Structure formats: structure tokens, C-alpha cells
Amino acid sequence: MLGADDHLDPDPRRVLVAGTTGVGKTTTAGRIGRVLGVPHTEIDALYHGPDWEPRETFVADVEAYTSESEWVTEWQYTAVRAMLAERADTLVWIDLPTPVALWRLLRRTLRRRFGRVELWNGNVEPSLWTFFTDRGHILRWGISTRNVARRRVPELVETAPHLRIVHLRSQREVDRFVQHLGERRG
């Protein structure tokens, strides 16, 4: 696996950003897209329809944009995870310490809930009380899946040998990696 300071040659053109819920995958994917001049598609926006129902066109939508020569997105959702890994040339793994990831997730969830921030297709974070009643509540999901990427990403070394994997363990490394991408495009 590569690190924040390793040179990627050629420049990434089809990039996945992986990590547990709340580590900043979408924010980082957007930053990578901007510095590389590559379109970023937020995969959650394609997955979640009104009332948090999965969209019927999700897989077809992902197939369509990943057929293009350049893109950045987040590596998630079982239905498309293998296809994404097969089509990508680079995977950026944000592997922050668990307390940092959970704190970020809590902070983001509270900001979105209290601000009534509209996410995708009219959805907003549900009441905080649903933490106790909904097994799929984002905070419960973050806690229960916090180590999943630590199993899945290393498996890609064998199952997707074409994929360059960049392992970033702190926000400082994430920032340095994105900065280096921008400098190389100079």
C-alpha cells in the first residue's frame, strides 16, 4: 500500500475513497475531484430516494458514470462495491482512529439534524431518539461497522491487484495527499 507522500504515476483518473462512516469520504472525494479536474459523483445521492428508500436505478446509474474515463466516488454499497473496485485505478483509504471517526460522525449527525440539513432527495437526518429504535440509525451503523473497511480494503490487494491503494491514517495525511495531487498537476 502507498502513503500520503508516494508519487502516483500516472495520475489517478478513476478514484474511490473508502473508510468507515463519518471519516470524510465525500468531502475528500470532492477535494480530489477538484484538484484532478475529475467529476465527483456522491454515491449516497444516487442510492437514497425519497423517504430513505433505495432508488431502483441505483446500480444502472453507477454503471453509467463509472463507464466514463474519469470519475471520483465513495466506495460503498454491496450491490456495486465489486464493480467500483474493478473499474477504479486508485483507492484512497481514510483509516482514522476509531474515536476520531466516531466523534466526527456524531458531530456531523448533530449538525445535520439540528440544522435540518436536506441531504438527498428531500431526506433529513431522523430524530435523535431513533438511535434507540432504529438499528439502521447512522450513529448505530457507524458504531457497528467501524472496522469493516479494515477487513475489506486489505482484501483488495488480492482481489483487485490493478488497484493502487493509498492508506491515510490521519487528517494531516489526507490533506498532504490531496495537496500533492494538486502540486503534480501544477
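It should be noted that the structure appears before, not after, this text.
What counts and how
Residues numbered from 1 in each chain as written. Predicted model: local features only at pLDDT ≥ 70, side-chain atom pairs only at ≥ 80, totals over all residues. Heavy atoms only, no water. Phe/Tyr/Trp six-rings, centres within 6.5 Å; stacked < 30°, edge-to-face > 60°. Helix = DSSP H or I, 4+ residues; strand = E, 2+ residues; numbered from the N terminus. Buried < 20%, exposed > 50% of the residue type's maximum accessible area, 1.4 Å probe, protein only. Contact = heavy atoms within 4.5 Å. Pairing = 2+ DSSP bridges. Polar contact = N/O pair within 3.5 Å; in protein donor to acceptor, adjacent residues only side chain to side chain. Core = buried A, V, L, I, M, F, W, Y, C linked by side-chain atoms within 4.5 Å. Axes fitted to C-alpha atoms, helices over the stretch in contact; angles between N-to-C directions. Parallel < 35°, antiparallel > 145°, perpendicular 65-115°, else oblique. Nonpolar A, V, L, I, M, F, W, Y, C, P; charged D, E, K, R; others polar.

**Things to note about the packing of aromatic side chains**
Then step 1. For the structure on display, the rule yields five aromatic pairs.
Then step 2. Ring centres of tyrosine 47 and tyrosine 77 lie 4.0 Å apart, and the angle between their planes is 20°; this geometry places the pair in the stacked category. Here tyrosine 47, found in helix H2 (residues 43-47), pairs with tyrosine 77, found in the loop between strand S2 (71-74) and helix H4 (78-87); they are 30 residues apart in sequence, far enough to count as distant.
Then step 3. Note on tyrosine 47: relative accessible area 22%, which makes it partly exposed.
Then step 4. Here tyrosine 65 and tryptophan 71 contribute two aromatic rings whose centre-to-centre distance is 6.3 Å and whose plane-to-plane angle is 85°, an arrangement assigned as edge-to-face.

**Topic: H4**
Then step 1. Inspection of H4 places Val80, Arg81, Met83, Leu84 and Ala85 among the buried residues, and these make up the whole buried set.
Then step 2. The secondary structure elements touched by the buried residues of H4 are strand S1 (14-18), H2, helix H3 (58-65), S2 and helix H8 (148-159).

**Considerations on the pairing of strand S3 (residues 90-94)**
Then step 1. Most of S3 is tucked away, with five of its five residues classed as buried.
Then step 2. Every second residue of S3 is oriented toward a common face, with Thr90, Val92 and Ile94 on one face and Leu91 and Trp93 on the other, all of them buried.
Then step 3. Examined bridge by bridge, S1 and S3 share four bridges and lie parallel to one another. Within the sheet, the bridge partner assigned to alanine 18 lies in S3 and is tryptophan 93.

**Some remarks on the side chain of threonine 145**
Then step 1. Mapped onto the elements, threonine 145 comes out in the loop between helix H7 (138-144) and H8.
Then step 2. For threonine 145, the side chain forms a polar contact with the main-chain oxygen of tryptophan 141, separated by 2.6 Å.
Then step 3. When neighbours within four sequence positions are excluded, threonine 145 is seen to be in contact with Thr20 and Thr21.

**With respect to the nonpolar core**
Note on soluble globular proteins: their nonpolar side chains tend to be buried together.
Then step 1. Grouped together as the largest cluster of nonpolar side chains are 23 residues, with contacts concentrated most on Val62, Trp75 and Leu91.
Then step 2. Elements with a minimum of two residues in this core: S1, H2, H3, H4, S3 and H8.
Then step 3. If you tally residues by element for this core, the top one is H4, at four residues.
Then step 4. Those residues in contact with tryptophan 75 that lie beyond four places of it in its chain are Leu16, Val17, Ala18, Arg81, Leu84, Ala85, Leu91, Arg152, Val153 and Leu156.

**What to know about the sheet that holds strand S4 (residues 164-168)**
Then step 1. Ordered by their spatial adjacency, four strands build an open sheet running S2-S1-S3-S4, and the pairing between neighbours is parallel. The sheet is open, and its two borders are formed by S2 and S4, each paired with just one other strand. Going across the sheet, the axis of each strand differs from the next one's by a mean of 20°, ignoring polarity.
Then step 2. Across four bridges, S1 lies against S2 in parallel orientation. Each bridged residue has a counterpart across the sheet, and for leucine 16 the counterpart in S2 is threonine 73.
Then step 3. Contacts from helix H1 (residues 25-36) reach S1, S2 and S3 within the one sheet, and its direction differs from that of S1 by about 155°.
Then step 4. Across the sheet, H4 lies against S1 and S2, angled at about 145° from S2, the strand it touches most.

**Topic: the packing of H3 against H4**
Then step 1. Axis separation between H3 and H4 bottoms out at 10 Å; the angle between their running directions is 5°. When the axis of H3 is compared with that of H4, the two are roughly parallel. Taken together, the residues of H4 that come into contact with H3 (itself represented by Phe58, Val59, Val62, Glu63 and Tyr65) are Ala79, Val80, Met83, Leu84 and Arg87.
Then step 2. Looking at the contact of H3 with H4 residue by residue, the class counts come to eight nonpolar, no polar and two charged.

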